[in-house]
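# Structural description and commentary
Chain by chain, the residues run as shown.
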Amino acid sequence: MENRLKSYGPGAPGRVVVLLGPPGSGKGTQGLYLAEILSVPVISTGEILRAECARETASGRALRQLLADGGLASDETVNRLVAARLSGGECGNGCVLDGYPRTVAQAAFLNDLLAELGFGEPMVLHLDVAAEELTRRLTGRRQCPACGHLYNVYFRPPRRSGVCDWDGEALVQRADDREEIVRQRLAIYEGTTKPVIDFYRAGDYRRVMAGQSEAEVREAIQEALLLPVAAG
Ligand SMILES: [Zn+2]
């Protein structure tokens, strides 16, 4: 079997990695790590949309208004912005996509776009974490309003319950980290992402169990990159 790490290493023909993972899976941190191993940039939808909103063009102003009114960017808009970014020189060697594709329509568009740009099919890396673990990670988060230090009551508790180690301020929980909201966020994620995962399963799909420590997940990602490409 062919060792495929070469295909993703520096100097290799560009490959695009689609990184999938729920909120709380450590996707942001691991995406940066993955990009570093592969010597490619991370392209995140959040960053692309913020950049577009900052532009003084008709489409920039229209998107700003849409998002300010609580709307969501359409598939067409996101596809157009991602296509422009992927066509640029920055991604000539490939990239890690974070937050895209979010729908099956976007995934199908991406496949066509990559073929058009001369990339192979994307490698899909799925950071999977059991629902109970995710719930603990998210609902356990507490932050110090004074210094911004982050704690987790289950994994990184402060020395004295509910109080910042550094300045003694009372820790607070973000409104969207409350259990009821977390369960809603995860249900929404599950509902939108599952069809995208199903779309990719027949392709180069690799699952990494991400409910472990950051270092262990890094190791699992390295191992996943070494797996031979699935047939079919
Ligand atoms: Zn503090």
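Please read these numbers as outputs of a predicted model, since none were measured by experiment.

With that settled, the discussion passes to the side chain of Glu52. For Glu52, the position within the fold is in helix 3 (residues 45-53). In this view, Glu52 contacts Thr57, Ser59, Gly60, Leu63, Arg80 and Leu81; residues no more than four positions away in its chain are not counted.

The subject of this paragraph is the coordination of the zinc ion. For a metal bound by four donors in a tetrahedral arrangement, the ideal donor-metal-donor angle is 109.5 degrees, while six donors in an octahedral arrangement ideally sit at 90 or 180 degrees. Donor atoms from the polypeptide that coordinate the zinc ion comprise Cys144 (SG), Cys147 (SG), Cys164 (SG), Asp167 (OD) and Asp167 (OD), at 2.3 to 2.6 Å from the metal. Since its relative accessible area comes to 41%, Cys147 is described here as partly exposed.

On to the pairing of strand 3 (residues 94-98). Side-chain positions along a regular strand alternate between the two faces of the sheet. Counted residue by residue, strand 3 has five buried out of five residues, so it is predominantly covered. Burial along strand 3 is two-sided: Gly94, Val96 and Asp98 facing one way and Cys95 and Leu97 facing the other are all buried. With five bridges connecting them, strand 1 (residues 15-20) and strand 3 associate as parallel partners. Of the residues in strand 3, the one forming a bridge with Leu19 is Asp98.

In this section: the nonpolar core. Val16, Val18, Leu86, Cys95, Leu97, Leu110 and Tyr200 are the most contacted members of the largest nonpolar core, which totals 28 residues. Of all the elements in the fold, those that place two or more residues in this core are strand 1, helix 3, helix 5 (75-87), strand 3, helix 6 (104-117) and helix 8 (179-200). Ignoring sequence-local partners within four residues, the contact set of Val16 consists of Leu86, Gly94, Cys95, Leu97, Leu114, Phe119, Pro122 and Met123. With 22 residues, the next largest nonpolar core counts Ala35, Val96, Val217 and Leu225 among its residues.

With that out of the way, let us pick up the environment of Ala62. Tracing the backbone through its elements, the reader meets Ala62 in helix 4 (residues 58-68). Measuring from C-alpha to C-alpha, the distance between Ala62 and Glu52 comes to 9.9 Å, with ten residues separating the pair along the chain.

With that settled, consider helix 9 (residues 214-226). Taking 1.5 Å as the rise per residue, helix 9 with 13 residues should run 18 Å; its terminal C-alpha atoms sit 19 Å apart, in good agreement. Val217, Ala220, Ile221, Ala224 and Leu225 are the residues of helix 9 that are buried. Within helix 9, the buried residues cover an arc of 140° as seen down the axis, which keeps them to one side. In helix 9, the exposed positions angled more than 90 degrees off the buried face are occupied by Ala215 and Glu219.

Cut-offs applied
- Residues numbered from 1 in each chain as written.
- Predicted model: local features only at pLDDT ≥ 70, side-chain atom pairs only at ≥ 80, totals over all residues.
- Heavy atoms only, no water.
- Helix = DSSP H or I, 4+ residues; strand = E, 2+ residues; numbered from the N terminus.
- Contact = heavy atoms within 4.5 Å.
- Donors = N, O, S within 2.8 Å, 3.2 Å for Na, K, Ca; no water.
- Buried < 20%, exposed > 50% of the residue type's maximum accessible area, 1.4 Å probe, protein only.
- Pairing = 2+ DSSP bridges.
- Core = buried A, V, L, I, M, F, W, Y, C linked by side-chain atoms within 4.5 Å.
- Expected span 1.5 Å × (residues − 1).
- Arc of directions from axis to C-beta.

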